[in-house]
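Read off the chains here:
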Number of protein chains: 2
Amino acid sequence: VLYKDAGVDIDAMDAVKRVIGRLCRSTYTPEVLSDVGLFGSLFKVPAMRDPVLVASCDSVGTKTAIARMMHRYDTVGVDIVNHSVNDILTLGAKPLFFLDFIAHSDMKPETIVEVVKGLGKACRANGCALVGGETAMMPDVYKPGDFELAGFIVGAVERSRVVDAKRLAPGDICVGIPSWGLHTNGYSLARRVLFRKAGLTVKSKVKGLVGTLGDALLRPHRSYLREVYPLLARVKAIAHITGGGFYDNIKRLLPFEISCIIKKQNWRPPRIFRLIQELGNVPDEEMYRTFNMGMGMVLLAAAGQVQPILRSIRGSRVIGKVVRGTYGSIVI
Amino acid sequence: VLYKDAGVDIDAMDAVKRVIGRLCRSTYTPEVLSDVGLFGSLFKVPAMRDPVLVASCDSVGTKTAIARMMHRYDTVGVDIVNHSVNDILTLGAKPLFFLDFIAHSDMKPETIVEVVKGLGKACRANGCALVGGETAMMPDVYKPGDFELAGFIVGAVERSRVVDAKRLAPGDICVGIPSWGLHTNGYSLARRVLFRKAGLTVKSKVKGLVGTLGDALLRPHRSYLREVYPLLARVKAIAHITGGGFYDNIKRLLPFEISCIIKKQNWRPPRIFRLIQELGNVPDEEMYRTFNMGMGMVLLAAAGQVQPILRSIRGSRVIGKVVRGTYGSIVI
C-alpha cells in the first residue's frame, strides 16, 4: 500500500504548492521576512508605539456549495479574506497577514489554484500578506466535490486607537453600509429555500436579479476597509453583520443597560433577500437574525458624527438608534 | 422555513459558545486584552527589541476519524495545539496565541466542548492563550459524525534569534527526539492498512502495543517546546517530522549544495509503525516519507553541540548527518 493508494497524492499536492507559493509572494508586504515553505511564516511587527494584534478566524461555510454548483472557484477566496478584514476592522485594526485552510476530498489542483487566486487578489486589495496556509486532502471526511475554506487573519492597531464600544450612549445613531449580497452567511437556509423548496437552480433567471440566481448568490463579501478605516475616529463601535444578523452582532458590542433599535422601514432589502423570504415564507425576525438584508456593516456613532459619515460612504444611511434598556439589539 | 430547520441550531451553538468562553479564559495570559465574544481578539505584542511574529496553520487531518471511532474527543485538541507549537518552535518562536476552527455536520455540543477542553489543556501547558476560533456546522458538507479540526498559531521571536538553517554545513549532525506515536500524520494510510486491509478495529489488541490499537493510534502529538526551547542557541536548524516524513521536512531547510542522510539503522521504530508496515507491505521509503517512525523532531547542530543536546533530552539520539550534495534529504 502506498500513500497515493490511500487517496493522498503527495506529488500532485507539491505541484499545487509551487503555484500557490507564487500567488502568495504576489501579496507580500515589506514586513514579510520569510519565503514560503518553512514550518511557519515570519512577519515583522510594524513600528507602533504600543501595538495590539487583532486576530480572527472564520470560514465561508456552505457558500462553497454555490461555488461548486457554478463551477466558479475564484470568488470564495475573496469572501473569506474580506470577511476576516471586516472582522478585525470592527476593532480598529488594519490587516497584516492572512493564512488559509482548505480541506477537500478530491478537488482538482487547478481548482485549488482558483481558490488561492481569489485569496491573493483580495489580500493584495486589502494590503494584507497571504503568508501561508494548509491544504488538507481528506477523502473520507468530505463528500466528493465538497470543500471547506477557512481563514485566519492578524492585524494591528495602536492600543490607544482600539475601537471600544464602552462609550456608547443613548442617542447614538446606527449607520448601515450596503452589502454586496448575502456575503458569507445564511447559505444553509438560502439553499434550502431556493433549491430544495422552490426547485430553482443556480441557472434560474429571476425577475429583479442581475444575471442568474447563482450569480446573485455568489457575489463576494465586500471589504469595508477602504471606506471605514479613515472614519474610525468618528465611530464608537462597529458591527459586522454576519451570522446572527442585526441581533447578535450588535448585541455583543453593547455595554450594560444600553440597547439598540434597528428600524427595518429605513431601507428596502435587495431583491435576493426578499426572494428568499417570499419563497421560504420566512418570518421577518428570522430574516434579520440570519442575513445582512443589504447592510453588511453598522457604524455606531454620536449624532454629531453622522453627517460626515453619510457624506463619506456611498449608500450609507441611518438605520437605527442606541437607547437605554437591557433588551439588546432588536429589529422593529 | 427557519434557520433551525435548515440544520443550523443557533441556540444550541450559543450554549456551547459560553462553555468554550470559560475554557478560553482559563488559558489567558497577561497579554490578552479582550474577552471572548468580539469580532476579533486583542493581544498585546510582548516587549522585545525587534519582535518577529511567526504564524502557522495546520489541521489534525483524519485523526479525527480515530477519535470518532474511540468516542474520545479530548485528545485531538492537544494534537493540533502541540503540532502548531512545534511548527513555530522550528524557527525559534515561543507561542503567543492560538485560534481553532472546528467544522462538523452534527456533533453534539458536549462533544465540541470535549474538543475544546483538549485545546485548552494543551494551550495552558504551552503558555499559549486560546483567544478564539470558529465552529461551523455544515450538515451538507460533512458526513454524519465526521469533523475537522484546524488550528492557527502565532508566536514571537527576537529577530536576532530566528533559527536560520543557512549556516548548515557538512559535518553537522542530526539528532532525533522521540515521538509519542503517529502524531498527526499518515492516518489515511494507517486506517487503510489497519482497518480496511487487515480488518482490525480500534478495540483490537495487538502484541507489543500498550492498550488497544485505538489507544495507540490516538496517542497525542508531543510538544517539544519545553525540551527544545532552552537548546535553541545550540542548534542550526530544526525539522518537525510531519507529512512528508524525513524527506520533505528536512529538505525544505537545506541550503544549496547541502544534503542530509538519515540512517534508519540508528533507531528501531516503535511497534505501531512496524505493524503498519508489516500488515500493509509498505516499502521502507514510503514509511519514512509518511510517518515520523518514532522521531517527531530532528535537531541539526554542529558536532560539538551534540553531547549537551543528547544529555538534555531523554531518548534523543544521533540519527543522521549533514553532507555536501544536491540530493536533499534521504533515508538509507
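Conventions and cut-offs
Residues numbered from 1 in each chain as written. Chains lettered and ligands numbered in written order. Predicted model: local features only at pLDDT ≥ 70, side-chain atom pairs only at ≥ 80, totals over all residues. Heavy atoms only, no water. Salt bridge = Lys/Arg side-chain N within 4 Å of Asp/Glu carboxyl O. Helix = DSSP H or I, 4+ residues; strand = E, 2+ residues; numbered from the N terminus. Buried < 20%, exposed > 50% of the residue type's maximum accessible area, 1.4 Å probe, protein only. Pairing = 2+ DSSP bridges. Axes fitted to C-alpha atoms, helices over the stretch in contact; angles between N-to-C directions. Contact = heavy atoms within 4.5 Å. Buried area = accessible area lost by both parts, 1.4 Å probe. Polar contact = N/O pair within 3.5 Å; in protein donor to acceptor, adjacent residues only side chain to side chain. Least-squares fit on C-alpha atoms with pLDDT ≥ 70 in both.

Participant: Can you walk me through the pattern of salt bridges in this structure?
Facilitator: Think of it this way: side chains of opposite charge can pair up when their charged atoms draw near. Residue and element names in this part refer to chain A. In total, this model carries 26 salt bridges over all chains according to the counting rule given. When the shortest N-O distance is used, the salt bridge between Asp248 and Arg289 registers 3.7 Å. Separated by 41 residues along the polypeptide, Asp248 in helix α8 (residues 245-251) and Arg289 in helix α10 (residues 284-290) bring together distant segments of the chain. Since its relative accessible area comes to 23%, Asp248 is described here as partly exposed. Two residues, Arg271 and Glu278, come together in a salt bridge whose shortest N-O distance is 3.7 Å. Each of the salt bridges in this network shares a partner with another, and the network as a whole consists of Asp248, Glu285 and Arg289.

Participant: Please clarify how the pairing of strand β6 (residues 173-178) of chain A should be interpreted in this entry.
Facilitator: The side chains of a regular strand alternate between both faces of the sheet. Residue and element names in this part refer to chain A. With 6 of 6 residues buried, β6 lies mostly within the body of the structure. Alternating residues of β6 divide into Ile173, Val175 and Ile177 and Cys174, Gly176 and Pro178, and every residue in both groups is buried. As paired elements, β6 and strand β9 (residues 295-301) share 6 bridges and run antiparallel to each other. Bridge pairing links Pro178 to Met295 in β9. As paired elements, β6 and strand β10 (residues 317-324) share 4 bridges and run antiparallel to each other. Opposite Cys174, over in β10, you have Gly320 as the bridge partner.

Participant: Any chance you could explain the sheet that holds strand β6 (residues 173-178) of chain B here in plain terms?
Facilitator: Adjacent strands of a sheet pair through backbone hydrogen bonds, lying either parallel or antiparallel. Residue and element names in this part refer to chain B. The 6 strands are arranged β7-β9-β6-β10-β8-β11 in an open sheet whose pairing can be described as mixed. If you trace the sheet from one side to the other, it starts and ends with β7 (237-240) and β11 (329-331), each paired once. The mean angle between the axes of side-by-side strands here comes to 25 degrees, regardless of whether they run parallel or antiparallel. By the bridge criterion, 4 bridges tie β7 to strand β9 (residues 295-301) in an arrangement that is antiparallel. Residue pairing across strands places His240 opposite Met297, the latter belonging to β9. Strands β7 and β9 of the sheet are contacted by helix α3 (residues 76-89), whose axis makes an angle of about 155 degrees with β7.

Participant: It is not clear to me how the interface of chain A and chain B should be interpreted in this structure. Could you clarify?
Facilitator: Accessible area lost during the coming together of the parts is what is often quoted as the interface size. Tallying the contact residues gives 78 residues for chain A and 79 residues for chain B. For the pair chain A and chain B, the summed buried surface comes to about 6,500 Å²; carbon and sulfur atoms form 63% of the total. Taken together, the links from chain A to chain B amount to 2 salt bridges. Inspection of the region where chain A meets chain B yields 14 residue pairs in polar contact (both at pLDDT 80 or more). When residues of the side of chain A that touches chain B are assigned to their parent elements, the largest contribution, 9 residues, is made by strand β2 (residues 51-59) of chain A.

Participant: Quick question: what am I supposed to make of the relation of the copies chain A and chain B here?
Facilitator: Both copies of the chain are related by one operation, a rotation about an axis with a shift along it. At an RMSD of 0.0 Å, chain A and chain B line up after a rotation of 180 degrees and a shift of 0.0 Å along the axis. Both chain copies can therefore be described as sitting about a two-fold axis. Taking C-alpha positions as reference, the residue of chain A nearest the rotation axis is A:Tyr142, located at 2.7 Å. Both copies share a contact surface, since 100% of the interface residues of chain A are interface residues in chain B too.

Participant: Explain the environment of B:Ala129 to me, please; I cannot follow it from the model alone.
Facilitator: Residue and element names in this part refer to chain B. Within the secondary structure, Ala129 is located in strand β4 (residues 129-137). Taking the relative accessible area as the measure of exposure, Ala129 reaches 0% and is therefore buried. Taking the C-alpha atoms as reference points, Ala129 and Leu96, 33 residues apart in sequence, are found 6.3 Å from one another. What Ala129 contacts, discounting residues up to four positions off in sequence, is Thr27, Tyr28, Thr29, Val32, Phe43, Leu96, Phe97 and Phe98.

Participant: What am I meant to see in the sheet that holds strand β7 (residues 237-240) of chain A here?
Facilitator: Residues and elements named next belong to chain A. In space, the 6 strands of this open sheet follow the order β7-β9-β6-β10-β8-β11, with mixed pairing throughout. Of all the strands in the sheet, just β7 and β11 (329-331) have a single pairing partner and so form its edges. Each strand axis lies, on average, 25 degrees off the axis of its neighbour in the sheet, ignoring direction. Helix α3 (residues 76-89) rests against β7 and β9 of the sheet, and its axis sits at about 155 degrees to β7.

Participant: What is the right way to read unusual backbone geometry from this model?
Facilitator: Residue and element names in this part refer to chain B. Positive phi values are uncommon outside glycine, yet Glu257 reaches one of about 65 degrees. Along the chain, Glu257 falls in the loop between α8 (245-251) and β8 (258-262). One non-glycine residue with positive phi stands out, namely Asn281, at about 50 degrees. Among the secondary structure elements, Asn281 is positioned in the loop between α9 (271-280) and α10 (284-290).

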